[in-house]
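Letter by letter, the chains look like this.
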Amino acid sequence: MNDRRDSIYAVINIGSTSLSGMLATKSPQGRIVPIAAHRVPTAGCVRQGSIHNIEEAAKRIDMLIEAMSTTLPDEATISGVYVGLECRSMRSERYDSFIDLGEEGSVVTPEHLLTLKDQVSDASYPGMTILSVTEPRYRCDGKREPNPRGVRCRRLEAQYLLIVARQNIIVNVRETIEDRLRLRLLGILPTPIAEAAATMTMEEMALGCAYVNIGGGTTSIAIYQERFPVALFVLPLGGNNVTRDLTQLSVPLLESDAENLKINQGSMNLSVSRTEEIIATSADGSSTKHFSQLEVNRYISARILEILNNVVSIIHEAGCGESIPKGFVFAGGVTKTNYFFETLRKLSPEYRKASLRRDIYEEGVDNNLLANYITEVALAAQASEPGVTYELRPLESLLQEQPTTRSSEPAEPVVQPKEEEEESYTYTTISEAQHLPLDDDEDDFFDYREESYRHEEKREPKEKGPSAFERLKSGLSKGISSLFGESDGGDDY
């Protein structure tokens, strides 16, 4: 049991495959000290990052709250939570504000900066809710100025990035948390921005980099330049699309069996023998089916390469293709697919696997937790208001308690015992998650159409030769077009 009286922060992440939560405190330096983390499958109540079934979502989030509450003393209660969101309609909008300071100019004061920030309140987008406003990028008389306070100029400008999402999605979150569970909604945090801020190095943020999380129902892209986020996109594509593809193999499969096949025996390796076979057992163990390993791998590889191609196309359309010299930081369950990073090596982009930056968490935190709960730690780092409250206890009850020895070490995250319901689990990787009914609704695609991805204008080659970004774009196109050709695909990329 945790008997700490520090400020305890509670966060919940709404994922397409699982709902997860974490309780954590912060060290005096602001580093995260996890207390407990727990995860349950969505079982279809969340689709592409949006709450679809409010009643079922409330039930499962309540399971999270109860599981995490067991690590708290009796008089402590989880009363408020931050919610991390990564839904298909989430995107960024640029907002520019400015002040003219006269022909002679004026020295920029804090009041001028507040005036710029107040202008953001005038921003509105039909049918959308503004979730957060990033720190601005300033310009004085057209020149970039990291800290304009005290600088004399005639025109002061600020460029903000606003993160927005559809109003009905936010309404469902509020009804689930506030109306059904009677908890305070302390804030809705854009998960991709929180993850990028906790995993990217300062060099990557400053020079230009793209954080890409390929999850179960969505793929998010957060682009950073000059230490600031400059664009955010969320595509309704992810690992669930791979599962759906595998139901169309030469031998039909149920989605639950296709998910098992993908996780346990799937790969992006196209160098396997044409004669190599695999045996897939149904989820209930009642039947077995034989498949060509190469056929399975081609289906998986084709879909993942298509997702990567869409990522590259969006970055290209955003005008950031030449502005991310540090390449990509990849995260998400799909990146755990066998041979994913080996395939990236053939495509030749600069990339790395996402991991929490060392200054985010306190020493002594379990490495397994850090690897499996990156999102939750990142959300906790953004939290500013405690979510756990304490009730006053009678003096008599305190005197009756036996004294306990308190350790000066950070509290160890408690692994929760398995719940009676088999679906609930703790400290598991995404590959162990239960199976999720897939969403057939892929109409809302950010107003981007597949035609725009496949028929882009060719860019003029530079004298210095193709960049890493262009090599990746070219490699993806060749990889997708050759997947189902006559070759064995071993070196198609």
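Residues numbered from 1 in each chain as written. Predicted model: local features only at pLDDT ≥ 70, side-chain atom pairs only at ≥ 80, totals over all residues. Heavy atoms only, no water.

## As for the pattern of salt bridges
Considering all chains together, one arrives at 20 salt bridges under this definition. We note a salt bridge from E56 to R60, for which the minimum N-O separation is 2.8 Å. Of this pair, E56 and R60 both sit in helix α1 (residues 54-69), 4 residues apart, roughly one helical turn. On the basis of relative accessibility, which here comes to 22%, the residue E56 falls in the partly exposed class. With relative accessibility at 3%, the residue R60 sits in the buried group. Between K326 and E203 there is a salt bridge, with its nearest N and O atoms 3.8 Å apart. Taken as a pair, K326 in the loop between α8 (293-317) and β21 (328-331) and E203 in helix α5 (residues 202-207) lie far apart in primary sequence, 123 residues in all. Salt bridges sharing common partners tie together D100, R155 and E157. (Salt bridge = Lys/Arg side-chain N within 4 Å of Asp/Glu carboxyl O. Helix = DSSP H or I, 4+ residues; strand = E, 2+ residues; numbered from the N terminus. Buried < 20%, exposed > 50% of the residue type's maximum accessible area, 1.4 Å probe, protein only.)

## What about the nonpolar core?
In terms of nonpolar packing, the biggest core is built from 54 residues, with L23, I78, V81, L85, V173 and I177 touching the most fellow members. Every residue in contact with V81, bar those within four places of it in the chain, is listed here: A10, I12, I65, I177, L183, R184, L185, L186 and G187. (Core = buried A, V, L, I, M, F, W, Y, C linked by side-chain atoms within 4.5 Å. Contact = heavy atoms within 4.5 Å.)

## Things to note about the packing of helix α6 (residues 239-246) against α8
At a minimum axis distance of 9 Å, the contact between α6 and α8 shows a crossing angle of 145 degrees. In this structure, α6 crosses over α8, and the sense of that crossing is right-handed. Contact with α6, carried on its side by N241, V242, D245 and L246, involves V296, Y299, I300, R303 and I304 of α8 and no other residues of that element. Residue composition of the contact of α6 with α8, grouped by class: 6 nonpolar, 1 polar and 2 charged. (Axes fitted to C-alpha atoms, helices over the stretch in contact; angles between N-to-C directions. Left-handed = near helix turned anticlockwise from the far one by under 90°. Nonpolar A, V, L, I, M, F, W, Y, C, P; charged D, E, K, R; others polar.)

Read these as spatial facts, not as claims about activity.
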